[in-house]
Amino acid sequence: MADLSVEFCGVRFKNPVVVGSSELTLSAGNMKRCVDAGAGGLVAKTLTDSLAMREQTGNSKWRFLDEQHRVNPGRLPREFSFYGRSGLAEEDPAAWADELRAAVAYAREHEAVVIGSVAGTEPAAWAELAKVVEDTGVPLIEMNFGCPHPSEMVGAKTGMVVGQDPEALSEAVAAAAGAVTVPLIAKLTPQVTDMVQIARRAREAGASAVTLTNRFMGFAVDAENARPYIYGWAGIGGPWVKPLSLRWVSKTHVAMPDLPITGSNGVHDGMDVVEFMMSGAAIVQICSAVMLKGYHYLGQVVREVEQFLDRKGYASPAEIVGLAARAAMSYEQIKALPPERAEIDRDLCIDCGVCQEHCFYNAIGEQGGRYLIGEQCRGCGICSCVCPEAAINLVMTAA
Ligand SMILES: Cc1cc2nc3c(=O)[nH]c(=O)nc-3n(C[C@H](O)[C@H](O)[C@H](O)COP(=O)(O)O)c2cc1C
């Protein structure tokens, strides 16, 4: 059996599954539930000096939506969306420190890791909050540069507003790095043009690692009632976001292979954890799927990671970090590969013509009711995807 433990910024996690900062970690009691369910770690709800962001949590509104973005109680597909607004930790720093201390002590007894989380409204506040959190005994602190709400909702200059401004982000990281000794993790917003550059700036300013990514903002429409769900704009995410997150995880890993990454935004199950790791994440956060399925679901996610590693013969999670990112070829390299062609398996083909309808390069001809692949085939693969009989294979021809 694979040993599931991983090291992240010098801290040992018993497994790579970490609960993301959210209502799941809103109190010591909630954090204990993450530990009891078997998570390797958890990120505490974000501590802030913004009263507006603290109060915003009292106004939380959420909807799980189905694949058509409709409310569908009790029948949510794997590719659900989570549309919602909440704020940050409701407590002031002193009260929050008490919650954190209790959670840290409990987690230690169970070999789990509590990561602190902060979001200030000016550099000095980022530093002060980080110090308060460090003093509770957490070994790592995440800086929340991704909260999607402050700009649109309460006007606070924190979260995503800072995450989209490389200068402000650098100042905040440098201020916090000057105030604490534990490693800092910059959690970035996906709502930027080039996240690799932002990650680089965070690192240069003193961050030891990055979390990629927080959520997007969206607009989900209740067409029957001609209005948006939950009265307006909100954060949106769900398992369907995963490939967008993986692009930035993989790009950042390739650009800075020694920068530790924690993955977030789009994890539904253990295989998603594996995909984030293969893209370059050393540990992986899960949030809305656990909000949907309950804390106990965490144990299943951990088991799925273990089962995959065992099935494929990997001895530890560290072995898979970055495998897919490193296997990604450039457009030039792909161009230099031997050509591919589609081939029809005559035993399976029913000559329905669906392939011809979908061939936008006009490479499929028809003779006497039989469909044939012609010379113009460039091996794009679309016919093999739409064939109702799975009768078309792609074969690589000799160059
Ligand atoms: C209800 C809710 C509250 C959240 N609160 C925080 C927060 O306080 N701090 C933070 O850094 N991220 C927060 N997040 C973002 C999550 O930690 C996570 O990055 C995001 O949900 C994407 O992961 P997922 O696809 O597993 O849900 C919150 C997300 C949700 C859904």
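Note that the structure is a prediction, hence the values are computed from the model and not measured.

Engineer: With reference to specific residues and values, describe the overall build of the chain.
Structural biologist: Scanning the chain from terminus to terminus reveals 16 helices and 21 strands. A compact globule built from 399 residues would reach a C-alpha radius of gyration of about 21 Å, and the chain, at 24 Å, matches this within 12%. Across its three principal axes, the chain shows a C-alpha extent of roughly 80 × 55 × 40 Å. The buried share of the chain, taken over its 399 residues, is 52%. Taking contacts inside the chain between residues at least 6 apart in sequence as the whole, the part at least 24 apart equals 70%. Accessible surface computed for the chain: about 17600 Å², of which carbon and sulfur atoms make up 51%. Of the charged side chains in the chain, 35 are positive and 47 negative, and the gap between their average positions amounts to 1 Å.

Engineer: I'd like a description of the domain arrangement of the chain, backed by residues and values.
Structural biologist: Domain boundaries in the chain define domain 1 (6-327) and domain 2 (337-396). Placing a centre on the C-alpha atoms of domain 1 and another on those of domain 2 gives a separation of 44 Å.

Engineer: Account for the layout of surface pockets, with residues named and values stated.
Structural biologist: Taken as a whole, the largest pocket spans an internal volume of roughly 280 Å³. Counting residues per element, the ones that place at least two in the lining of the largest pocket are helix H9 (242-255) and helix H13 (323-327). Per element, the largest residue contribution to the lining of the largest pocket is five residues, and it comes from H9.

Engineer: An account of the pairing of strand E15 (residues 234-237) is requested, with residue identities and associated values reported.
Structural biologist: Inspection of the sheet shows strand E7 (residues 81-85) paired to E15 by three bridges, in the antiparallel sense. Counterpart to Gly 84 in the pairing with E15 is Gly 235. Pairing geometry for strand E12 (residues 216-218) and E15, over three bridges, is antiparallel. Bridge pairing in E15 places Gly 218 opposite Ala 234.

Engineer: Can you break down the environment of Ala 199 residue by residue, with the values?
Structural biologist: Of note, Ala 199 is situated in helix H8 (residues 195-205). Put simply, Ala 199 and Ala 175 are 24 residues apart on the chain and 17 Å apart in space, counted from C-alpha to C-alpha.

Engineer: Give a description of the packing of aromatic side chains that names residues and reports values.
Structural biologist: Scanning the entire structure with this criterion turns up seven aromatic pairs. Note on Phe 64 and Phe 80: the rings are 5.6 Å apart at their centroids and 80° apart in plane angle, and the pair reads as edge-to-face. Of this pair, Phe 64 sits in strand E6 (residues 61-65) while Phe 80 is found in the loop between E6 and E7, placing the two residues 16 residues apart along the sequence. Since its relative accessible area comes to 1%, Phe 80 is described here as buried. Taken together, the ring pairs connect Trp 62, Phe 64, Phe 80 and Phe 82 into an aromatic cluster. Its end group placed over the ring of Tyr 297, Lys 293 keeps NZ or CZ at 4.9 Å from the ring centre. Directly above the aromatic system of Tyr 361 lies the positively charged group of Arg 378, at a separation of 3.7 Å from the ring centroid.

What counts, and where the lines are drawn
- Residue indices begin from 1 for each chain and proceed along its sequence in written order.
- Totals for whole chains, interfaces and linings use every residue, but because this is a predicted model, local features are given only for residues with pLDDT of at least 70 and side-chain atom pairs only at 80 or more, for both listing and counting.
- Only hydrogens and water are set aside when side-chain values are computed; all heavy atoms of the structure are taken into account.
- Strands here are runs of E lasting at least two residues and helices are runs of H or I lasting at least four, both read from the DSSP assignment and numbered beginning at the N terminus.
- As a reference, a globule follows 2.2 Å times the number of residues to the power 0.38, and the radius of gyration itself is taken over C-alpha atoms.
- Throughout this description, buried means an accessible area under 20% of the type-specific maximum (1.4 Å probe, protein chains only), exposed means over 50%, and partly exposed covers the range between.
- Here, two residues are considered to be in contact whenever any of their heavy atoms come within 4.5 Å of each other.
- In short, Shrake-Rupley with a 1.4 Å probe defines the accessible areas, and a residue's cover is counted only from the protein chains shown.
- A positive count includes Lys and Arg, and a negative count includes Asp and Glu. His and the chain ends are not counted in either.
- Taken as the charge location is NZ of Lys, CZ of Arg, CG of Asp or CD of Glu.
- These domain boundaries are the output of an automatic or database domain assignment.
- Site definitions follow a grid-based scheme: protein atoms alone, a 1 Å grid, a 1.4 Å probe that fits but cannot get out for cavities, and for pockets an open set with protein on both sides within 12 Å along at least five of seven lines, plus lining residues having an atom within 4 Å of a point.
- Grid points are joined across faces, edges and corners, and a volume is the space filled by probe spheres set on the points.
- Pairing between strands is defined by DSSP: at least two bridges between them are needed.
- Centre distance within 6.5 Å is the pairing criterion for rings of Phe, Tyr and Trp, where only the six-membered ring of Trp is used; planes under 30 degrees apart are then read as stacked, over 60 as edge-to-face, and the remainder as tilted.
- Throughout this description, the term charge over a ring refers to an Arg CZ or Lys NZ atom that lies within 6 Å of the ring centre and within 35 degrees of the ring normal.

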